[in-house]
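# A look at the structure
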Amino acid sequence: MKTQWKLPDTTQAKKRLGEVEVLYDQYELTPQQKELGMNKTYFIKTYGCQANERDSETLAGILQTMSYTPSETIDEADVILLNTCSIRENANNKVFGEIGNLKHVKTQNPDVIIGVCGCMTQEEDLVKRILQKHHQVDLIFGTHNIHRLPDLLHQAHFSKERTVEVFSKEGDIIENLPTKRFNTIKAWVNIMYGCDKFCTYCIVPFTRGKERSRLIEDIIEEVNELKSNGYKEVTLLGQNVNAYGKDLRLDDGFASLLEEVAKTGIERIRFTTSHPWNFTSKMIQTISDYDNIMPYIHLPLQSGSNDVLRRMGRRYTIEEYMDVFNKIKATIPRCSISTDIIVGFPNETDEQFQQTLDVFNECKYDNAYTFIFSPRSGTPAAVLEDHIDMETKRRRLQELNELVKKYSLENNLKYVDEIVEVLVEGPSKKDETVFTGYTPQQKLVNFTAHDAKEGCLVKVHITSAKTWYLIGQLVD
Ligand code: 5AD
Ligand code: SF4
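Residue positions are counted from 1 within each chain, in the order its sequence is given. The lettering of chains begins at A and the numbering of ligands begins at 1, in the order of writing. Since the coordinates come from a predicted model, pLDDT governs what is reported: local features require at least 70, and pairs of side-chain atoms require 80 or more to be given and counted, while whole-chain, interface and lining totals use all residues. The side-chain numbers reported here are obtained from all heavy atoms of the structure, hydrogens and water having been left aside.

### Structural notes on the layout of surface pockets
Put simply, the rule is: Definitions used for this entry: grid spacing 1 Å over protein atoms alone; cavity, a set of points where a 1.4 Å probe fits but cannot get out; pocket, an open set with protein on both sides within 12 Å along at least 5 of 7 lines; lining residue, one with an atom within 4 Å of a point. Grid points are joined across faces, edges and corners, and a volume is the space filled by probe spheres set on the points. Here a helix means four or more residues in a row that DSSP labels H or I, a strand means two or more in a row labelled E, and each is numbered from the N terminus. Basically, the charged four are Asp, Glu, Lys and Arg, the nonpolar ten are Ala, Val, Leu, Ile, Met, Phe, Trp, Tyr, Cys and Pro, and anything else, Gly included, counts as polar. Note: domain ranges come from an automatic or database domain assignment.
By volume, the second largest pocket amounts to about 850 Å³. Lining the second largest pocket are 34 residues, and of these Arg 54, Ile 174, Glu 175, Leu 177 and Tyr 193 lie nearest its centre. At the level of secondary structure, the elements contributing two or more residues to the lining of the second largest pocket comprise helix H3 (50–65), strand E8 (173–174) and helix H8 (216–228). Broken down by element, the lining of the second largest pocket gets its largest block of residues, 5 residues, from H8. Its residues assigned to classes, the lining of the second largest pocket shows 10 nonpolar, 11 polar and 13 charged. Counting only domains with at least three residues in the lining of the second largest pocket, you end up with domain 1 (2–165) and domain 2 (185–413).

Below, the structure written as structure tokens:
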């Protein structure tokens, strides 16, 4: 390995040390960097969760301040960035597939800069694999040094060597990074970075570092600015939003933050993801108290078995989970709830899987994201011996997915003949008399109308329901 390369180190990434500062003038470009992208284009391909989507908006913002413009296609771009996810093996496989595809792009245009960033590049093994096997990749950086992109791109442009810089430890919070938002009505707003939960299966605490909260005033300023720029909806982002403000020593920080965001008067507020472990009554009450906090909560269950939950390091029992679930349902009128479930955690028995189905039947979730356990190198669960074969895991996933569909449809049918409020996202691609948008409960609606303006809140009469969406007509 080249000495100037800075490679990730998993042992360092595990540590939770050091103070975090908030910096307001860290990001600055040299005149040369401001012109580096003149007459050049970029293409960013994003994998994974909303945190990555939001990071890509920062990457785009940085590239645009360097004079790069967006390219319509990946093949024609001068700079290609793959912002990667490593939550499960198949996320990694997709990225390696794309890296492979880009080989021909590099052959056709040797001047193109191909960069890989995001969660995968925080992992030692994966970076080594890219360096050894994928010589078309020119630039590798991580989730903690996005702000270094101008320097790194400069280096990648002018040096004959490949540029590799990954920080294993999170740095400070940098508030003055530019952003190019990809949507004009709905915006992602980071409220915190990182995760300290260390669930035994999860790579995120390694790839995203320790929990760091942005200051309330900085978040509010961003929301106010979005509102004055015509944004109708914000989604507050964090790997575990209920931990917001713990590092700032705030008491029930997320409830206070939600209240402050609600008071800005922005039309719709959403947040993701919340952990069932410290979902406080005050948070539930605040969501119920404000009309502009949407009645939709993503509450990951992961498993219906107390033994599996303990081995996953989830910090709650099923009884405690149900307590939060029932409180939400009792306090927030018509709140929809979705969840995440992992099947086939090492040595999950048939009875334990049955317990997950039982909880699902009790909660009747509006939606669920279901996964087969995927061992992530460096996490405690990855080294557990596992006696459950893949066929059993696949069968369990299929069985669970039948329930997901059943309750999704059942919940959707409850809206038939009702009038719901929809935030219009635009006409559908296939038919311009059909428009799409979401209800407060995050139900997708396809509705007919002569005209419906993007970004407006409209009333729609629901005429029928499908498993994944509602169908309706605009109410004049
Ligand atoms: N294997 C399978 N699913 C996982 N998730 C996180 N890590 C893993 C893993 N190693 C799922 C969890 C989490 C969602 C974002 O991804 O359900 O809530
Ligand atoms: Fe994937 Fe997790 Fe990284 Fe999001 S934070 S991109 S889900 S690994």
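From this point, things continue past the structure.
### Description of the packing of helix H13 (residues 350–363) against helix H14 (residues 390–413)
Spelled out, the test is: Note on method: axes are straight lines fitted to C-alpha atoms, helices fitted across the in-contact stretch only, with angles between N-to-C directions ranging 0 to 180 degrees. For this classification, under 35 degrees means roughly parallel, over 145 means roughly antiparallel, 65 to 115 means roughly perpendicular, and everything else is oblique. Should any heavy atoms of two residues lie within 4.5 Å, those residues are counted as being in contact.
One can describe the packing of H13 onto H14 by two numbers: an axis separation of 10 Å at closest approach and a directional angle of 5 degrees. It follows that H13 is roughly parallel to H14 by the angle criterion. Counting all contacts with H13, which are made through Asp 350, Phe 353, Leu 357, Phe 360 and Asn 361, the residues of H14 involved are Arg 396, Glu 399, Leu 400, Leu 403, Val 404 and Tyr 407. Split by residue class, the contact of H13 with H14 holds 7 nonpolar, 1 polar and 3 charged.

### Things to note about the packing of aromatic side chains
Which entries qualify depends on this criterion: Between rings of Phe, Tyr and Trp, where Trp is taken as its six-membered ring, a pair exists when centres lie within 6.5 Å; planes separated by under 30 degrees are stacked, by over 60 edge-to-face, and by other angles tilted. Partly exposed residues are those whose accessible area sits between 20% and 50% of the maximum for their type, while under 20% is buried and over 50% is exposed, using a 1.4 Å probe and protein chains only.
The full count for this structure, using the stated rule, is 9 aromatic pairs. Their ring planes at 70 degrees and their centres at 5.2 Å tell us that Phe 254 and Phe 271 sit as a pair that is edge-to-face. With Phe 254 in helix H9 (residues 253–263) and Phe 271 in strand E13 (residues 268–272), the pair connects residues that are 17 residues apart, well separated along the chain. Assigned by exposure class, Phe 254 and Phe 271 land together as buried. For the ring pair Phe 360 and Tyr 407, a centre distance of 6.1 Å and an interplane angle of 35 degrees mean the geometry is tilted. You can see Phe 360 sitting in helix H13 and its partner Tyr 407 sitting in helix H14, a full 47 residues away along the chain. A relative accessible area of 0% means that Phe 360 is categorised as buried. Given a relative accessible area of 4%, Tyr 407 falls into the buried group. Chaining the aromatic ring pairs together yields one cluster made of Tyr 316, Tyr 321, Phe 325, Phe 360, Tyr 365 and Tyr 407.

### A word on the sheet that holds strand E16 (residues 367–372)
The criterion, for reference: Whether two strands pair depends on DSSP finding at least two bridges between them.
The strand order across the open sheet built from 3 strands is E14-E15-E16, with neighbouring strands paired in parallel fashion. Because the sheet does not close on itself, it has two edges, and the strands there are strand E14 (296–298) and E16. Taking each pair of neighbouring strands and ignoring which way they run, the sheet shows an average axis angle of 10 degrees. Across 3 bridges, E14 lies against strand E15 (residues 336–343) in parallel orientation. Looking across to E15, one finds that His 298 is bridged to Ser 338.

### Side note on the pattern of salt bridges
Where we set the bar: In the sections that follow, a salt bridge refers to a side-chain nitrogen of Lys or Arg positioned within 4 Å of a carboxyl oxygen of Asp or Glu.
Summed over all chains, the structure comprises 25 salt bridges. Its salt-bridge partner being Arg 148, residue Asp 151 comes within 2.7 Å of it at the nearest N-O pair. Taking the relative accessible area as the measure of exposure, Asp 151 reaches 37% and is therefore partly exposed. Of the residues examined, Arg 148 reaches a relative accessible area of 22% and is grouped as partly exposed. The partner of Lys 459 in a salt bridge is Glu 421, with the nearest N and O atoms 4.0 Å apart. Taken together, the residues span a long stretch of sequence, with Lys 459 in strand E20 (residues 457–465) and Glu 421 in strand E17 (residues 419–427) at a distance of 38 residues. Judged by its relative accessible area of 43%, Lys 459 is partly exposed. What you see here is one network of salt bridges that share partners, running through Glu 57, Glu 175, Arg 181, Arg 214 and Glu 222.

### What about the site of ligand 1?
Spelled out, the test is: Only a single heavy atom is needed: when it lies within 4 Å of a molecule or strand, its residue is near that molecule or strand. What qualifies as a polar contact is a pair of N or O atoms within 3.5 Å, subject to a donor-acceptor requirement within protein and to the restriction that residues adjacent in sequence count only when both atoms come from side chains. Surface accessibility in these figures is a Shrake-Rupley result with a 1.4 Å probe; residues are shielded only by whichever protein chains are displayed.
All residues in the neighbourhood of ligand 1 are listed as Ile 87, Arg 88, Tyr 201, Gln 302, Asp 340, Ile 342, Phe 371, Ile 372, Phe 373, Ser 374 and Arg 376. Within the contact set of ligand 1, an oxygen atom lies 2.9 Å away from a side-chain nitrogen or oxygen of Arg 88. Measuring from a nitrogen atom of ligand 1, one finds a backbone N or O atom of Tyr 201 at 3.0 Å. When ligand 1 is considered free in solution it has 400 Å² of accessible area, and contact with the protein chains removes 87% of it. Of all elements in the fold, only E15 and E16 reach the threshold of two or more residues within the shell around ligand 1. In the shell around ligand 1, the residues fall into 6 nonpolar, 2 polar and 3 charged.

### Here's the deal with the site of ligand 2
Around ligand 2 sit Cys 49, Asn 52, Cys 85, Ser 86, Ile 87, Cys 119, Val 204, Arg 208 and Gln 239, and those are all the residues in its vicinity. Residue composition of the shell around ligand 2, by class: 5 nonpolar, 3 polar and 1 charged. Mapped onto the domain boundaries, the shell around ligand 2 takes at least three residues apiece from domain 1 (2–165) and domain 2 (185–413).

### Things to note about the domain arrangement of the chain
Each assigned domain of the chain is listed with its residue range as follows: domain 1 (2–165), domain 2 (185–413) and domain 3 (419–474). Domain 1 and domain 3 are separated by 37 Å when their C-alpha centres are compared.

### Things to note about the pairing of strand E5 (residues 113–118)
In plain terms, the rule: Crossovers are described as right-handed under a simple rule: with the strands pointing away from the observer, the path leading from the first strand over the helix to the second runs clockwise.
For E5, the tally of buried residues reaches 6 of 6 residues, placing the bulk of the element in the interior. The side-chain alternation of E5 yields two buried faces, one formed by Ile 113, Gly 115 and Cys 117 and the other by Ile 114, Val 116 and Gly 118. Relative to E5, strand E4 (residues 79–84) is paired through 6 bridges, and the arrangement is parallel. For Leu 81, the partnering residue across the bridge sits in E5 and is Gly 115. On the question of chirality, the crossover connecting E4 to the parallel E5 by way of helix H4 (residues 89–108) is right-handed.

### Description of the packing of helix H12 (residues 318–331) against H13
Spelled out, the test is: Helix crossings fall into two classes, left-handed where the near helix is turned counterclockwise from the far one by less than a right angle and right-handed where it is turned clockwise.
The geometry of H12 relative to H13 is characterised by a closest axis approach of 12 Å and an angle of 15 degrees between their N-to-C directions. On the basis of the axis angle, H12 is roughly parallel to H13. For the pair H12 and H13, the sense of crossing is right-handed. Residue-level inspection shows Ile 318, Tyr 321, Met 322 and Phe 325 of H12 in contact with H13, the latter providing Val 359, Glu 362 and Cys 363. Taken together, the residues of the contact of H12 with H13 sort by class into 6 nonpolar, no polar and 1 charged.

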